[in-house]
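Summary of structural features
Each chain, written out:
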Amino acid sequence: MPQNDVRSRIEALRTAIRHHDHRYYVLDDPEIPDEAYDALFRELQALEARHPELVAPDSPTQRVGAPPLDAFAPAPHAVPMLSLDNVTDEAGLAEFDARVRRFLGTDDPVAYACEPKLDGLAVELTYDAGRLVRGATRGNGLVGEDVTANLRTVPSVPLALLGSGWPDRLDVRGEVVMPVAAFQRLNREQEERGLPPFANPRNAAAGSVRQLDSRVTARRPLEFLAYGVARPVETGAKAHSELLERLAAWGFRVADRWEQVDGVEGARAYCRRIEAERDGFPYEIDGCVVKVDAHGLQERLGERSRAPRWAVAYKFAPRQAVTRVLDIVPSVGRTGAITPVAELEPVTVGGVTVGRATLHNPDEVARKDVRIGDWVVVQRAGDVIPEVVRFLPERRTGEERPFQMPDRCPVCGARVERPEGEVIPRCTGLACPAQLKGRLLQFASRRALDIDGLGTKLVDQLVDKGLVKDLADLFRLGRAELAGLDRMADKSADNLLAALERARRVDLARFLYGLGIRHVGEATARALADRFGTLDAVMAADEEALQAVPDVGPEVARSVRAFFDEPANRASVERMRASGVEVLGSAPSGAPRPLEGKTFVFTGTLDALTREQARRRVEALGGKVTSAVSRNTDFVVVGAAPGSKAGRARDLGVPVLDEAAFRERLEAWERGELP
Ligand code: IVH
């Protein structure tokens, strides 16, 4: 392509990708399927790789992390980032309104713009001629930290503004949040890796933004929601509500559910409504912010030392409560992780009755010094599992007993082990029913095999009655087994069997994730599937080959290898296949394809592999399998009792491999040792 055409194609791709990013990350309303988006993205990446001189910092391909920093540079704010005065009830809101009207000398209701108060990390994004040039934390309000490289990785941060009409220099302010669901997933992964969990989504968001290695930030599910700018008047907007509309048009995601209301009555109704809907928000909110809408009035009201007179935060009641710890019991999870759980005198926390709260791990119990019999503060954040925050020393009697982590699994009696450098003790029992239940739930979960109807109650029964002893047993269930279970009407049995039937054809990434291999979360499972293409190739890969996959380090590689080296696990996979489970591979991307353009023909019976397995592995390496031998065939693989194809191969001079030679080569190709 001539240079000019390349340039315009690159621009067209960037414009299209920005548009689709905005639809997807900001509006939550994608127009095209992921595959179509990926194709655009890959085309842009390829063009930029061939024309590095055309790479621009605001290209959508440049959201990747940059190499780690030693420290953040100070980032002074052109206009101080103020904080807000708080009120905690409706009387406080009425006082705020009265103050505003007294100051303005009016008896008329004031128009307010109301927004949810987002519980994340305040940041400022600076745009110069529409391009993102700096991202900074709030810091002390005057000087923050320069976290540009990190904020560039957040998909809802526009690298270039959309539309038109923005001022040449624009400082957009807002909050970086981590959606609650993503936070829970991240914490599960942290625990699987033996790392301490984050206390709440806000800490997780703040920790992710303040990472010295932006490649880590890039992997964290963060969102930026805009709620203002440093100099509102320069945007041409006459009121805050108009400003929010402009920010949305320029490509920002603004705090959802904002509203313009009339007077204090309107503000009060808004706050009540949002508080009632608090749990329905995808991210944490801890109140509402009520802002005088008109910019002219905001200017007249001005500010005091640290907060503007034109805005107030209406804070929701904290979701904390005080109760007593009746017992601390070890609870065994899916991966064998043993978590200390506090059994509590039931208490209502933010409208929900809480009887159990996690203490995360023995180190946390020790650090917080929580004992059986203590009075404690429990906290519920979103729909996160409630946790014990601290004990109340003033209510200690001396009768409290410390928690002792058992050295035997409370469910199966196997030894408890705490691997070097990890905070979480684990049950070592392979056949531990608690682990099996957890594994089954993960296997059946939506992001894995999506077996509708297989929830905790059913899993408990299947395991407790001995009907299911490993994952593969699921596919041997029939009406007869299900008939004897509680709450299992004919219709539910039929539905479950139908769901199992659908689950028999499963995509490789989902299957790998469903197996619940330690350290293999969804993203790693997807990366393994993309690289190896087939289950057999993953099962055969050695640690070195595994480590060649992006994001797979020595620990993950060891864990995958250990999982498939375990004969019980291999047998389980084989039994699933024998029951008709078909794990659907994908063409491995980015993986070496040493057999690209090569054609194989199989004849006779193979011993260690089925034909199907052999075919999938050849295909995973880019090769093709056909049935007839011709001059274009590259290899004929001959098993026991071969047909006429072996003779024809020799006649045509096509190389013939016996099974041993084939497997040897196949493995060498998979390891990338043979061209
Ligand atoms: S307006 C001068 N709007 O609350 C206006 N702040 O206590 C100051 N916050 O540091 C900010 N959601 O991080 C505003 N919709 C919202 C907000 C919001 C969350 C945070 C912000 C600020 C803190 C002030």
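Look up a bit, the structure's there.
First, a word on what this report is: a plain description of the structure on this page.

Digging into the packing of aromatic side chains
In this description, a pair of aromatic rings is defined by centroid distance and the angle of the planes. For the structure on display, the rule yields 14 aromatic pairs. Judged by centre distance (5.6 Å) and plane angle (85 degrees), the ring pair of Y127 and F252 falls under edge-to-face. Taken together, the residues Y127 in strand β4 (residues 121-128) and F252 in the loop between α8 (240-249) and β9 (259-262) connect sequence positions 125 residues apart. The residues Y127 and F252 share a single accessibility class, namely buried. One cation-aromatic arrangement involves R395 over W375; the distance from NZ or CZ to the ring centre is 4.0 Å. Positioned over the ring face of F391 is R396, at 3.8 Å from the centre of the ring.

A look at the sheet that holds strand β11 (residues 311-315)
Taken together, five strands build an open sheet; the order of strands is β2-β11-β10-β3-β9 and the sheet is mixed. Only two strands of the sheet have a single partner each, and these edge strands are β2 (86-87) and β9. Two elements, strand β3 (residues 111-118) and strand β10 (residues 285-292), share seven bridges in a ladder whose sense is antiparallel. Residue pairing in the sheet places E115 in a bridge with V289 of β10. Running at roughly 175 degrees to β11, helix α3 (residues 90-104) makes contact with β2, β3, β10 and β11 of the sheet. Taken strand by strand, helix α9 (residues 263-276) contacts β3, β9, β10 and β11, and its axis lies near 135 degrees from that of β9.

Quick notes on the site of the ligand
As a matter of local geometry, the ligand sits amid 14 residues, with E115, L118, E175, Y227 and K291 nearest to it. Contact distances for the ligand include 2.6 Å between a nitrogen atom and a side-chain N or O atom of E115. Here a nitrogen atom of the ligand and a backbone polar atom of P116 are 3.2 Å apart. Protein coverage of the free-state accessible area of the ligand, which is 510 Å², stands at 87%. Among the elements of the structure, β3 and β10 are those that each provide at least two residues to the shell around the ligand. With four residues, the single largest contributor to the shell around the ligand is β3.

Observations regarding the sheet that holds strand β22 (residues 624-626)
What the four strands build is an open sheet, ordered β22-β21-β23-β24; its pairing is parallel. The outermost strands of the open sheet, each flanked by one partner alone, are β22 and β24 (656-658). Going from strand to strand, the sheet's axes swing by 30 degrees on average, the running direction of each strand aside. Taken strand by strand, helix α22 (residues 611-620) contacts β21 (599-603) and β22, and its axis lies near 170 degrees from that of β21. Helix α24 (residues 659-670) rests against β21, β23 (635-638) and β24 of the sheet, and its axis sits at about 95 degrees to β24.

Digging into the pattern of salt bridges
Evaluation of the coordinates by the stated rule reveals 52 salt bridges. R304 is the partner of D85 in a salt bridge, and the nearest nitrogen-oxygen pair spans 2.4 Å. Placement of D85 in the loop between β1 (74-76) and β2 and of R304 in the loop between α10 (295-301) and β11 is noted, with a sequence separation of 219 residues between them. Residue classification places R304 among the partly exposed positions, given a relative accessible area of 45%. Two residues, E417 and R415, come together in a salt bridge whose shortest N-O distance is 3.5 Å. On the basis of relative accessibility, which here comes to 43%, the residue R415 falls in the partly exposed class. Where salt bridges share partners, they join E90, E265, R268 and R272 into one cluster.

Definitions and cut-offs
- Residues numbered from 1 in each chain as written.
- Predicted model: local features only at pLDDT ≥ 70, side-chain atom pairs only at ≥ 80, totals over all residues.
- Heavy atoms only, no water.
- Phe/Tyr/Trp six-rings, centres within 6.5 Å; stacked < 30°, edge-to-face > 60°.
- Helix = DSSP H or I, 4+ residues; strand = E, 2+ residues; numbered from the N terminus.
- Buried < 20%, exposed > 50% of the residue type's maximum accessible area, 1.4 Å probe, protein only.
- Lys NZ or Arg CZ within 6 Å of the ring centre and 35° of its normal.
- Pairing = 2+ DSSP bridges.
- Contact = heavy atoms within 4.5 Å.
- Axes fitted to C-alpha atoms, helices over the stretch in contact; angles between N-to-C directions.
- Near = heavy atom within 4 Å.
- Polar contact = N/O pair within 3.5 Å; in protein donor to acceptor, adjacent residues only side chain to side chain.
- Areas by Shrake-Rupley, 256 points an atom, 1.4 Å probe, with all protein chains shown as cover.
- Salt bridge = Lys/Arg side-chain N within 4 Å of Asp/Glu carboxyl O.

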